[in-house]
Amino acid sequence: MEQRAIAVVGATGAQGGGLARAILADTAGGFTCRAITRDPGKDAAKALADAGAEVVKADVDDIETLTKAFAGAYGAFCVTNFWEHLSGDREKAQAKNLADAAKAAGVQHVVWSTLEDTRKLMPPGDTRMPMLQEKYRVPHFDAKGEADAFFAGLPVTYLITSFYWDNIYAPGMSPKKSDDGVYRWVFPMGNKRLAGIAVEDIGKVAYGIFKAGRQYIGKTVGITGENLTFQEISEKLSKALGVPVEYTAVDADAFRAFGFPGADELGNMFQMYRDFEPQVLGARSADVARSLNPSLQSFDQWLGRNKARIAL
Ligand SMILES: NC(=O)c1ccc[n+]([C@@H]2O[C@H](COP(=O)([O-])OP(=O)(O)OC[C@H]3O[C@@H](n4cnc5c(N)ncnc54)[C@H](OP(=O)(O)O)[C@@H]3O)[C@@H](O)[C@H]2O)c1
């Protein structure tokens, strides 16, 4: 069978890494993995090469390199990393480069990892949360949502992702031990549910979209693993890890005032999840995710596999 290459942006990272591993694991699937990185010498790139990927150097900030990296590929998985530079405008410029390069290279199926433009949820004069970077509510959502327009006209599937449960073991995110031995964390989420997913499953869903092919072109696919409140997540962590974990809901202004880098951005994001729970959950489906990735994990399944990584 003729092999079709999927160029995977972010292959050394979380979303793209999941897709790269899914392609490489399915040796009879008819696809090959072209892993794109700025640094083919890094360990994650070498591991992909060892597993059978073609590793190609390109930079999302440099359209020439991207166009070359996409040349001859059947598919392209496009993701931007807001957290590396924290600029909505730069994220949009990177997304435009990805779309323009895919067009120039004649890619036949693009999966664009996006999020919704949260400004559409609130009238411009709404004062519940500050505007950030002058024009965004949640810059890493809004910039991706606005960038959807760059991909219009391409054979694209818009993949709306969810909060990674893997954030729980990221530095700074996990519940912190208090003097009384209780592990505590606070979010401005009230008792509303958070759409969450094992990040490895995002890549597996993306692979399912490439395999399903044309029927997903022009479509938006919103995915979640499971929607849980932080109270429910805390109870599950307590049970699995054998330590008391307590969640406290805080006011969004208080969260934004914590002052750590990105506190305002995350404060707006969690407030948006809280205030627009029906819209956020309504845009994402676990059934759709499971239809594209039959091994989609529940939170309990993810926790069972990852609890050793959560250093409580
Ligand atoms: N954390 C969450 O819960 C969550 C949920 C939904 C969506 N997201 C979104 O996910 C995005 C990040 O994806 P991720 O978590 O998969 O990233 P990640 O694990 O942090 O890895 C970033 C990837 O992007 C690549 N990259 C970054 N800048 C690049 C550039 N200029 N040129 C080429 N490649 C570049 C890196 O490749 P090299 O370093 O090898 O070049 C790396 O593979 C963010 O925009 C975030 O908003 C996050």
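For every chain, the first residue of the written sequence is number 1, and numbering continues from 1 onward in sequence order. Predicted model: local features are reported for residues with pLDDT of at least 70 only, side-chain atom pairs are reported and counted for 80 or more only, and whole-chain, interface and lining totals are derived from all residues. Neither water nor hydrogens contribute to the side-chain values; these are computed over all heavy atoms in the structure.

(A) Molecular detail of the site of the ligand. If you check the shell around the ligand, you find 28 residues, and the closest are T12, T37, T80, K144 and Y164. V60 is positioned such that a nitrogen or oxygen atom in its backbone is 2.8 Å from a nitrogen atom of the ligand. Bound to the protein, the ligand loses 86% of the 930 Å² it would expose on its own. Strands are runs of DSSP state E lasting at least two residues, helices are runs of H or I lasting at least four, and both sets are numbered from the N terminus onward. Those elements that provide at least two residues to the shell around the ligand are helix 1 (14-25), helix 4 (82-85), helix 5 (88-105), helix 6 (139-151) and strand 7 (163-164). Top contributing element to the shell around the ligand by residue count: helix 4, with three residues. Each residue is assigned to one class: nonpolar for Ala, Val, Leu, Ile, Met, Phe, Trp, Tyr, Cys and Pro, charged for Asp, Glu, Lys and Arg, and polar for all the others, Gly among them. Within the shell around the ligand, the residues separate by chemical class into nine nonpolar, 12 polar and seven charged. Being near a molecule or strand, for a residue, means having at least one of its heavy atoms within 4 Å of it. Residues adjacent in sequence count toward polar contacts only when both atoms are side-chain atoms; beyond that, a polar contact is any pair of N or O atoms within 3.5 Å, and within protein one must be able to donate a hydrogen and the other to accept it. Note on areas: these come from Shrake-Rupley sampling with a 1.4 Å probe, and a residue is covered only by the protein chains present in the view.

(B) Expanded view of the state of the cysteines. Sulfur atoms of two cysteines make up a disulfide when they are within 2.5 Å. This structure, assessed with the given rule, holds zero disulfides. Between C33, a free cysteine, and C78, which holds the nearest cysteine sulfur, the sulfur-to-sulfur gap is 14 Å. C33 sits in the buried class, given a relative accessible area of 2%. Accessibility here uses a 1.4 Å probe with only protein chains present; expressed as a share of the type maximum, an area under 20% marks a residue as buried, one over 50% as exposed, and anything in between as partly exposed.

(C) Representation of the packing of aromatic side chains in the model. Put simply, two rings from Phe, Tyr or Trp (the six-membered ring, in Trp's case) pair if the centres are within 6.5 Å, and we call them stacked under 30 degrees between planes, edge-to-face over 60, tilted for the rest. The tally for this structure, following the rule as stated, stands at 22 aromatic pairs. Ring plane angle 85° and centroid distance 5.2 Å describe the contact between W165 and F299, whose orientation is recorded as edge-to-face. Highlighted residues: W165 in the loop between strand 7 and strand 8 (176-177) and F299 in helix 13 (residues 299-306), separated in sequence by 134 residues. Like W165, the residue F299 is buried in the burial classification. Considering the side-chain rings of F187 and F270, the 4.9 Å spacing of their centres and the 55° angle between planes classify their relative orientation as tilted. Here F187, found in strand 9 (residues 183-187), pairs with F270, found in helix 10 (residues 263-275); they are 83 residues apart in sequence, far enough to count as distant. The pair formed by F187 and F270 is uniform in burial state, with each residue classed as buried. Linked through ring pairs, F141, F163, W185, F187, F230, Y247, F255, F258, F260, F270 and Y273 together constitute an aromatic cluster.

(D) Expanded view of helix 8 (residues 230-241). In this analysis, the expected span of each helix is defined as 1.5 Å times one less than the number of residues it contains. With 12 residues, helix 8 should cover 16 Å at 1.5 Å per step; its first-to-last C-alpha distance of 16 Å lies within 8% of that length. The complete set of buried residues in helix 8 reads F230, I233, S234 and L237. Seen from one end, helix 8 has its buried residues packed into an arc of 100°, which puts them on one side. Only heavy atoms enter the contact rule, under which two residues are in contact if any of them lie within 4.5 Å. Where helix 8 is buried, its residues contact strand 9, strand 10 (194-197), strand 12 (226-228), strand 13 (245-249), helix 10 and helix 13. By definition, the arc is the one covered by directions from the helix axis to the C-beta atoms.

(E) Main features of the pattern of salt bridges. Here a salt bridge means any side-chain nitrogen of Lys or Arg lying within 4 Å of a carboxyl oxygen belonging to Asp or Glu. Summed over the entire model, instances satisfying the criterion amount to 23 salt bridges. The shortest N-O distance in the salt bridge between K92 and E146 comes to 3.1 Å. One end of the pair, K92, is in helix 5; the other, E146, is in helix 6, with 54 residues separating them in the sequence. Classification of K92 as buried rests on a relative accessible area of 12%. When its relative accessible area of 33% is taken as the criterion, E146 is described as partly exposed. Look at the salt bridges and you will find they share partners, linking D89, K92, D117, R119, K135, D142 and E146 into a network.

(F) Up close: the sheet that holds strand 8. Between any two strands, pairing holds if DSSP finds at least two bridges. With mixed pairing, three strands are arranged side by side in an open sheet as 8-9-13. The open sheet has two edge strands with one neighbour each: strand 8 and strand 13. On the sheet, helix 8 packs against strand 9 and strand 13 and is oriented at approximately 170° with respect to strand 13. Simply put, an axis is a line fit to the C-alpha atoms, just over the touching stretch for a helix, and the angle between two N-to-C directions goes from 0 to 180 degrees.

(G) Looking closely at the packing of helix 6 against helix 10. It is the contact of helix 6 with helix 10, at a shortest axis distance of 9 Å, that shows an interaxial angle of 75°. Relative to helix 10, helix 6 is oriented roughly perpendicular. Residues P139, H140 and F141 of helix 6 pack against E265, M269, M272 and Y273 of helix 10. Class assignment for the residues of the contact of helix 6 with helix 10 results in five nonpolar, one polar and one charged. Roughly parallel here means an angle under 35 degrees, roughly antiparallel means over 145, roughly perpendicular means 65 to 115, and every remaining angle is called oblique.

(H) Helix 1, seen in detail. Here helix 1 spans 16 Å end to end across 12 residues, near enough to the 16 Å set by a 1.5 Å rise per residue. Most of helix 1 sits inside the fold, with nine of its 12 residues counted as buried. Here helix 1 has its buried residues at Q15, G16, G17, G18, L19, A20, A22, I23 and L24.

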